[in-house]
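Here is what each chain is made of, one letter per residue.
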Amino acid sequence: MVEFVFFGGKGGVGKTTVASAYALKCARAGLDTLVVSTDPAHSTADVFDQEFGDDPRPVEGVENLRAMEIDPETEVQEHLQETKRALGEQLSSSMVGEIDLQIEMAHRTPGAYEAALLDRFIDVMRTAECDRVVFDTSPTGSTLRLLSLPDLLEKWIDRLAYKREKSIDYFEMAAVGKQEPRRVREGDPILARLRGRKERFAFAGEALEEATFYLVCTPDDLSVRETERSLATHREYDLSVGGVVINKRTPEPDPDEEGRGARFLRGKVETERERIAEMHERFDAPIVGEIETRIREIKGDLLEEVAAELAVDG
């Protein structure tokens, strides 16, 4: 079975770096691994010094590792066009224009982004031919909204299907008496599509229940609070959190350094120690990595170092 691992956290904490390091660790352990990024900045390309696209591509110089970058805006537009096409096939030409307008408006509402991205995630999860898929997800808030969708959408589709079945019943009973509704017996295309969507969301819900989630944070007060809220939300959705990675720790200066910069760093290190101690005490998930800030961008040999510092078995 394919294992799915998600890395989340608020913006700017270094999710892409940590997710890429973990994916590298998995690949080095002999697992056929795919890392999937939804970062619009395409940071995965920066980490591996290589361009990626919407389809998995081998990471140069790393056996067993592929990467892909999903463009959220492109996914929203493709989701919009697919919805228009599917409905257009079931409606009269006189209704298509009005329906297109309604769909355009719906895709500008909150949740449209998450729904489109969830559809793409499902495609990746269902078609993945590897041992492990590592998702470098968007900032925490939108990710958690995304993860709450399968159960909500299943219930919504159940209600739509019920309404559709009742409307067919009434239509056919008026036409042919109390016989079995002909369109239900022959196969109604709208019902078929609703049931197909439900099956997709049921798969997503089951996959997410079996997935492992890691939260990435930095040793500052805002990040601590955000991560604590995220842990509570993951518990609410019964999602398994494997641990928390503390990224961007400030390195301590050497004992003989006494300049202004050294004094500043010592003060910052002391504050971060207090925050980290607080995380160990308050978080109900283990700390599985404390990554120091490097003096240059993390890629190449530095990515190997970060992978080694993660206390997560590849």
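Residues numbered from 1 in each chain as written. Predicted model: local features only at pLDDT ≥ 70, side-chain atom pairs only at ≥ 80, totals over all residues. Heavy atoms only, no water.

Engineer: Describe the pairing of strand S7 (residues 240-249), listing the residues and the values that go with them.
Structural biologist: Sheet faces and side chains relate simply in a regular strand, where the side chains alternate between the two faces. Where burial is concerned, most of S7 is hidden: seven out of the ten residues are buried. Handedness of the crossover joining strand S6 (residues 212-217) and S7 through helix H10 (residues 221-236) is recorded here as right-handed. With four bridges connecting them, S7 and strand S8 (residues 287-292) associate as parallel partners. Within S8, the position partnered with Val 244 by the bridge is Ile 287. (Buried < 20%, exposed > 50% of the residue type's maximum accessible area, 1.4 Å probe, protein only. Helix = DSSP H or I, 4+ residues; strand = E, 2+ residues; numbered from the N terminus. Right-handed = clockwise from strand over helix to strand, strands pointing away. Pairing = 2+ DSSP bridges.)

Engineer: If you had to explain unusual backbone geometry to someone new, which residues and values would you point to?
Structural biologist: Working note: non-glycine residues mostly have negative phi, and peptide bonds are mostly trans. Positive phi, normally seen in glycine, also occurs at Asp 49, with a value near 50°. Here Asp 49 is to be found in the loop between helix H2 (43-48) and strand S3 (57-58). The phi torsion at Lys 248 lies on the positive side, around 65°, for a residue other than glycine. Along the chain, Lys 248 turns up in strand S7. Judged by relative accessible area, Lys 248 falls into the partly exposed class, the value being 38%.

Engineer: Can you explain the nonpolar core? Please cite residues and give values.
Structural biologist: Core analysis: the biggest nonpolar cluster contains 33 residues, and Phe 7, Tyr 22, Phe 48 and Leu 65 have the highest contact counts within it. Listed by contribution, the elements that provide at least two residues to this core are strand S1 (3-8), helix H1 (15-28), H2, strand S4 (65-69), S6, S8 and helix H12 (301-309). Per-element tally for this core: the top contributor is H1, with eight residues. Beyond its immediate sequence surroundings of up to four residues, Tyr 22 is in contact with Val 5, Phe 7, Arg 132, Val 134, Leu 310, Val 312 and Asp 313. If you look at the next biggest cluster of nonpolar residues, it comprises 19 residues, including Phe 4, Met 68, Cys 130 and Val 133. (Core = buried A, V, L, I, M, F, W, Y, C linked by side-chain atoms within 4.5 Å. Contact = heavy atoms within 4.5 Å.)

Engineer: Can you break down the environment of Gly 8 residue by residue, with the values?
Structural biologist: Mapped onto the fold, Gly 8 is located in strand S1. On a C-alpha basis, the gap between Gly 8 and Asp 136 in space is 6.9 Å, while along the polypeptide they are 128 residues apart.

Engineer: Can you tell me about a negative patch on the surface, naming the residues and giving the values?
Structural biologist: On the surface, a cluster of negative charge is made up of Glu 206, Glu 209, Glu 210 and Asp 238. Relative to the elements of secondary structure, Glu 210 occurs in helix H9 (residues 189-210). (Patch = residues over 30% accessible without salt bridge, like charges linked within 9 Å, V, L, I, M, F, W, Y side chains within 5 Å. Areas by Shrake-Rupley, 256 points an atom, 1.4 Å probe, with all protein chains shown as cover. Salt bridge = Lys/Arg side-chain N within 4 Å of Asp/Glu carboxyl O. Lys, Arg positive; Asp, Glu negative; His and termini not counted. Charge placed at Lys NZ, Arg CZ, Asp CG, Glu CD.)

Engineer: Describe H10, with residues and values.
Structural biologist: Compared with the 22 Å implied by 1.5 Å per residue over 16 residues, the 23 Å span of H10 between its first and last C-alpha is a close match. Capping of H10 at its N-terminal end is provided by Asp 220; its side-chain oxygen lies 3.3 Å from the backbone amide nitrogen of Leu 222. Taken from the residues just after H10, Asp 238 is the one with a positive phi, measuring 60°. (Expected span 1.5 Å × (residues − 1). Polar contact = N/O pair within 3.5 Å; in protein donor to acceptor, adjacent residues only side chain to side chain.)

Engineer: Could you give an account of the packing of H1 against H12, naming the residues involved and the relevant values?
Structural biologist: Put simply, H1 and H12 touch, their axes get as near as 8 Å, and they point 80° apart. With respect to H12, the axis of H1 lies roughly perpendicular. For the pair formed by H1 and H12, the contact residues are Thr 17, Ser 20, Ala 21, Leu 24, Lys 25 and Arg 28 on the first element and Leu 303, Glu 304, Val 306, Ala 307 and Ala 308 on the second. Per-class residue counts for the contact of H1 with H12 are six nonpolar, two polar and three charged. (Axes fitted to C-alpha atoms, helices over the stretch in contact; angles between N-to-C directions. Parallel < 35°, antiparallel > 145°, perpendicular 65-115°, else oblique. Nonpolar A, V, L, I, M, F, W, Y, C, P; charged D, E, K, R; others polar.)

Engineer: I'd like to hear about the packing of aromatic side chains, residue by residue, with values.
Structural biologist: A full pass over the atoms with the stated rule returns eight aromatic pairs. Seen in terms of ring centroids, Tyr 22 and Tyr 214 are 6.2 Å apart; in terms of plane orientation they differ by 45°. Their pairing is tilted. Taken together, the residues Tyr 22 in helix H1 and Tyr 214 in strand S6 connect sequence positions 192 residues apart. Like Tyr 22, the residue Tyr 214 is buried in the burial classification. Grouping aromatic residues by their ring pairs yields a cluster made of Phe 6, Phe 121, Phe 135 and Phe 213. Over the ring of Phe 203 we find Arg 126, and its NZ or CZ is 5.5 Å from the ring centre. (Phe/Tyr/Trp six-rings, centres within 6.5 Å; stacked < 30°, edge-to-face > 60°. Lys NZ or Arg CZ within 6 Å of the ring centre and 35° of its normal.)

Engineer: Tell me what's going on with the pattern of salt bridges, and back it up with residues and numbers.
Structural biologist: Enumeration over the complete set of coordinates arrives at 21 salt bridges. For Arg 225, the salt bridge is made with Asp 221, and the minimal N-O distance between the two is 3.1 Å. Of the two residues, Arg 225 and Asp 221 are both situated in helix H10; the distance of four residues between them amounts to about one turn of the helix. Classification of Arg 225 as partly exposed rests on a relative accessible area of 46%. Glu 290 serves as the salt-bridge partner of Arg 249, at 2.4 Å between the closest nitrogen and oxygen. Highlighted residues: Arg 249 in strand S7 and Glu 290 in strand S8, separated in sequence by 41 residues. Taken together, the shared-partner salt bridges in this structure form one network comprising Glu 228, Arg 275, Glu 278 and Arg 282.

Engineer: Go over the environment of Leu 303, please, and point to the residues and values.
Structural biologist: On the secondary structure map, Leu 303 appears in helix H12. For Leu 303, a relative accessible area of 2% translates into the label buried. Between the C-alpha atom of Leu 303 and that of Thr 17, which follows or precedes it by 286 residues, the distance is 7.7 Å.

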